[in-house]
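# Close look at the chain arrangement
One letter stands for each residue in the lines below.
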Amino acid sequence: MPRRSKGARLQLKAARRNKGGKISHQATWIIRDNGRDVSTGCAANEIAAAEQKLRDYIDSKHTPKRRIRHIDDIAIADVLSIYLDAQLDKLRGRFNVDSESEDTIPDIRKFKKRIERLNEWGGAKMLGEVNGEACRSYAKKRGKRGGARRDLEDLRAAIGHHAAEGYHREIVKVSLPEKGQPRDKWLTRSDAAKLVWTCWRYREMQKGSRRPMEDVKVPTSKRPLRHLARFILLGIYSGTRAGAIAAASPIPAIGRSYVDLERGRYYRLKQGSAKTNKRQPTVPIPFRLLAHLRRWHRIDPEAKHFVEYNGRPITSVKTAFKSAVRLAGLGPGISPHTLRHTAATWLMQRGADPWQAAGYLGMSLEVLLNTYGHHHPDYLSDAVEKIAKRDPAGERKGVVSGAVSGAVIPIRRNGV
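Note that the structure is predicted; figures quoted are calculated from it, not measured.

Helices and strands together make up the secondary structure of the protein chain, namely 15 helices and 15 strands. By the burial criterion, 37% of the 416 residues in the protein chain qualify as buried. Excluding contacts between residues fewer than 6 apart, the proportion of contacts in the protein chain whose partners are at least 24 apart in sequence is 55%.

Although it is not a glycine, Asn310 sits at a positive phi angle of roughly 55 degrees. Mapped onto the elements, Asn310 comes out in the loop between strand E12 (308-309) and strand E13 (312-313).

Before going further, it helps to examine the confidence of the model for the protein chain. Of all residues in the protein chain, 88% have pLDDT values of 70 or greater, and the mean over the chain is 85. In the model, residues 399-416 has pLDDT below 50 throughout and makes 19 contacts with residues more than four positions away in sequence or in other chains.

Taken together, three strands build an open sheet; the order of strands is E1-E4-E5 and the sheet is antiparallel. In the strand order of this sheet, the two ends are held by strand E1 (9-13) and strand E5 (36-43), each with one partner. The average undirected angle you get between the axes of adjacent strands in this sheet is 35 degrees. Note: E1 against strand E4 (residues 28-33), five bridges, orientation antiparallel. Following the sheet pairing, Gln11 is matched in E4 by Ile30.

Moving on, we come to the packing of aromatic side chains. Per the stated rule, a full pass over the model turns up three aromatic pairs. Here Tyr83 and Phe111 contribute two aromatic rings whose centre-to-centre distance is 5.9 Å and whose plane-to-plane angle is 70 degrees, an arrangement assigned as edge-to-face. Placement of Tyr83 in helix H2 (residues 76-95) and of Phe111 in helix H3 (residues 106-122) is noted, with a sequence separation of 28 residues between them. The burial state of Tyr83 is the same as that of Phe111; both residues are buried. Just above the ring of Trp346 sits the side chain of Arg189; from NZ or CZ to the centre is 5.0 Å. Sitting over the face of the ring of Trp200, Arg226 holds its NZ or CZ atom 3.8 Å from the ring centroid.

Quick look at the sheet that holds strand E11 (residues 283-284) now. Pairing within the open sheet is mixed, and its four strands lie in the order E8-E9-E10-E11. Whereas interior strands pair on both sides, the edge strands pair on one side only; in this sheet they are strand E8 (248-249) and E11. Here E8 runs beside strand E9 (residues 257-260); their pairing, made up of two bridges, is parallel. Bridging from a neighbouring strand, Ala248 pairs with Ser257 of E9.

Our focus in this paragraph is a nonpolar patch on the surface. Taken together, Tyr379, Leu380 and Val384 make up a surface patch of nonpolar side chains, about 310 Å² in accessible area. Topologically, Tyr379 is positioned in the loop between helix H13 (365-372) and helix H14 (381-387).

With that out of the way, let us pick up the environment of His162. Tracing the backbone through its elements, the reader meets His162 in helix H5 (residues 145-164). Here the alpha-carbon distance between His162 and Ile68, two residues 94 residues apart in the chain, equals 9.6 Å.

Three or more residues of H13 are buried, namely Leu368, Thr371 and Tyr372. All buried residues of H13 lie within an arc of 90 degrees about the axis, which places them on one face of the element. Relative to its buried face, H13 has exposed residues pointing more than 90 degrees away, namely Glu366 and Asn370. Where H13 is buried, its residues contact helix H11 (338-349) and helix H12 (354-361).

Generally speaking, a soluble globular protein has its nonpolar side chains buried in company with each other. Grouped together as the largest cluster of nonpolar side chains are 49 residues, with contacts concentrated most on Leu195, Leu228, Ile232, Tyr266, Leu293 and Leu368. Elements with a minimum of two residues in this core: helix H6 (189-201), helix H7 (226-238), helix H8 (242-246), helix H9 (287-299), helix H10 (318-328), H11, H12 and H13. The element best represented in this core is H7, accounting for seven residues. Excluding residues within four positions of it along the chain, Leu293 makes contact with Leu234, Val259, Leu261, Ile285 and Phe306. Residues Leu80, Tyr83, Leu118 and Leu152 belong to the second largest nonpolar core, which totals 27 residues.

Below, the discussion takes up the packing of H7 against H9. Two elements in contact, H7 and H9, have axes separated by 10 Å at closest approach and are oriented at 150 degrees. Taken together, the axes of H7 and H9 lie roughly antiparallel to each other. As for the relative orientation of H7 and H9, their crossing is left-handed in sense. Seen from H7, the contacting residues are Arg230, Leu233, Leu234, Tyr237 and Ser238; seen from H9, they are Arg288, Leu289, His292, Leu293 and Trp296. Here the contact of H7 with H9 is composed, by residue class, of six nonpolar, two polar and two charged.

Rules behind the numbers
Residues numbered from 1 in each chain as written. Predicted model: local features only at pLDDT ≥ 70, side-chain atom pairs only at ≥ 80, totals over all residues. Heavy atoms only, no water. Helix = DSSP H or I, 4+ residues; strand = E, 2+ residues; numbered from the N terminus. Buried < 20%, exposed > 50% of the residue type's maximum accessible area, 1.4 Å probe, protein only. Contact = heavy atoms within 4.5 Å. pLDDT = per-residue confidence, 0-100. Pairing = 2+ DSSP bridges. Axes fitted to C-alpha atoms, helices over the stretch in contact; angles between N-to-C directions. Phe/Tyr/Trp six-rings, centres within 6.5 Å; stacked < 30°, edge-to-face > 60°. Lys NZ or Arg CZ within 6 Å of the ring centre and 35° of its normal. Patch = residues over 30% accessible without salt bridge, like charges linked within 9 Å, V, L, I, M, F, W, Y side chains within 5 Å. Areas by Shrake-Rupley, 256 points an atom, 1.4 Å probe, with all protein chains shown as cover. Salt bridge = Lys/Arg side-chain N within 4 Å of Asp/Glu carboxyl O. Arc of directions from axis to C-beta. Core = buried A, V, L, I, M, F, W, Y, C linked by side-chain atoms within 4.5 Å. Parallel < 35°, antiparallel > 145°, perpendicular 65-115°, else oblique. Left-handed = near helix turned anticlockwise from the far one by under 90°. Nonpolar A, V, L, I, M, F, W, Y, C, P; charged D, E, K, R; others polar.

See the structure below:
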């Protein structure tokens, strides 16, 4: 059960030091309020000023009105605040954290940051001011088209939630920037093998001496990337999203994706979670991957997850994955989601039935064919065969197949 909020309070944020040990940021007082940090700008010795800032913050703290009103009377800050509270409750339940530790979850941190950006941009505006021009203005200010689209998707969801709760009845449309081109970055078998072996063999490097003048680093017995080797194998052979890989467990429990080692089934949707647009169907486990999973369970039968770091389940592998890609020399543009692209590409290259491949990966047939269909050996094969095929009837009439795209081109005495 989540802990009750302690309310707005002062907290001393410790000073930060750079790599050389020198203080880069002095200690300051901040206001901690339900997982949000508000700067006071007061140094550690300015206690009275910090307390006044806290009083001002509590006096000005906004409480959204929860009753039906016209959109010209509803502040966007109200809409965002109501949506933020509702979503944070869901996210805390999904990740089994309380308000004090929610910022340790990357998904929650990013969500709160998106709402914060929207509030800074339009919190003082009225809901009736949301239109195409305002959305394009935000996208221009944000700079990144993909980031602006993701932020505005949250604004659209917040407005939809506000309407669903019965707080307004008018229709408000959010104009989104166009989607970018789908990513098609994938790993070859040699690239995947190189990445796995890099993670398995890498040793942590540390200084051999504490003397400041000696900067020579030597390998230790620590293997900080070995858990990532398991993550990569699960990602490539199952095409599963990163969250379900991190939650994969041989022991069924709320909040885990259960792997039935006896029957060879992967229940990717976390137990206790509702189905979302991110499809996570139950799938059979390939024999090669199943052999790995059974061996890992035999090695450590007490482990609650297949991918753990220092005995604890992982929440994100982005930092470790970035290091592994750099050490393997695979170049830019490769992320944990690339493993899913790789699984889809390999299935198409091996001539898998698109319908079954889409079901296995948990994506729509349309997305599979539009993004990965060109890798299939039968891609447009019938069209290619027929467009280059000779037409006997046409040849009898004095025409032959042309060289450009198989077009039928008449032959003239003085050239084409």
